[in-house]
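Fold and geometry: a report
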Amino acid sequence: MNTTFLFISGPEIMVIMLIVVMVFGADKIPEIARGLGKGIRQVKDATNDIKREIKDSSDKVSVDTDITKDITKEIDSVKDNIDHFTGPIKRQF
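Note that the coordinates shown come from a computational prediction; the quantities given were computed from them, not determined experimentally.

Scanning the entire structure with this criterion turns up 2 salt bridges. Where R41 meets D45, a salt bridge forms, and the shortest distance between an N and an O atom there is 4.0 Å. Remark: D45 and R41 occur in helix α2 (residues 29-61); sequence separation between them is 4 residues, near one turn of the helix. One salt bridge connects R52 with D49, and the closest N-O pair in it is separated by 3.1 Å. Within this pair, R52 and its partner D49 are both found in helix α2, separated by 3 residues, close to a single helical turn. A relative accessible area of 47% means that R52 is categorised as partly exposed.

Below, the discussion takes up the confidence of the model for the protein chain. In the predicted model, the protein chain carries a mean pLDDT of 82, and the fraction of residues at 70 or more is 82%. For the protein chain, per-element mean pLDDT is lowest for helix α3 (residues 67-92), which scores 77, and highest for α2, which scores 90.

In an α-helix there are 3.6 residues to a turn, and that puts residues three or four apart on one side. For helix α1 (residues 10-24), spanning 15 residues, the distance from its first C-alpha to its last is 21 Å, which sits close to the expected 21 Å at 1.5 Å a residue. Directly after α1, the chain includes G25, whose backbone phi takes a positive value near 90 degrees.

Right, let's get into a nonpolar patch on the surface. Among the surface-exposed residues, V15, I16, I19, V20, V23, F24, I32 and L36 lie close enough to one another that they form a single nonpolar patch of about 700 Å² accessible area. If you list the elements that add at least two residues to the nonpolar patch, you get α1 and α2. For the nonpolar patch, the element with the most residues is α1, which contributes 6 residues. Along the chain, the position of I19 falls in helix α1.

Rules used throughout
- Every chain begins its residue count from 1, and numbering advances along the sequence as written.
- With pLDDT at 70 or above as the cut-off, local features in this predicted model cover only qualifying residues; side-chain atom pairs require 80 or more to be listed or tallied, and sums for whole chains, interfaces and linings still use all residues.
- As a convention, hydrogens and water are excluded, and side-chain values are obtained from all of the structure's heavy atoms.
- Just to be clear on terms, a salt bridge is a Lys or Arg side-chain nitrogen sitting within 4 Å of an Asp or Glu carboxyl oxygen.
- By definition, any uninterrupted DSSP run of H or I lasting at least four residues is a helix, any uninterrupted run of E lasting at least two residues is a strand, and each is numbered from the N terminus.
- The classification of residues rests on relative accessible area computed with a 1.4 Å probe and restricted to protein chains. Under 20% of the type maximum is buried, over 50% is exposed, and intermediate values are partly exposed.
- Summary of the metric used: pLDDT quantifies the predictor's per-residue confidence within the range 0 to 100.
- Expected span, for any helix, means 1.5 Å times one less than how many residues it has.
- Patch membership needs two things, relative accessible area over 30% and no salt bridge, and members are linked within 9 Å if like-charged or within 5 Å if nonpolar (Val, Leu, Ile, Met, Phe, Trp, Tyr).
- We get accessible surface area from the Shrake-Rupley algorithm with a probe of 1.4 Å; when it comes to residues, only the shown protein chains can shield them.

What follows is the structure in structure tokens.
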């Protein structure tokens, strides 16, 4: 199975990397990558803080958060039913 990321293949990625090196220079790329890494870390920490705050406030109010487990179980059962129904069709192709 051939998967592509955003419809970009290997040679196109190489051309993009070449352009980045030409525009920014080889000495600036590690600094740019470090800055992007720090930014991604900050976003990840912020989302984890938001998740923790929501969980803490729902625990204080004693909101039932098990509804997501029920929804996930129902979605999985629907997926299994669809796979069972379309199984012979997929195997023919």
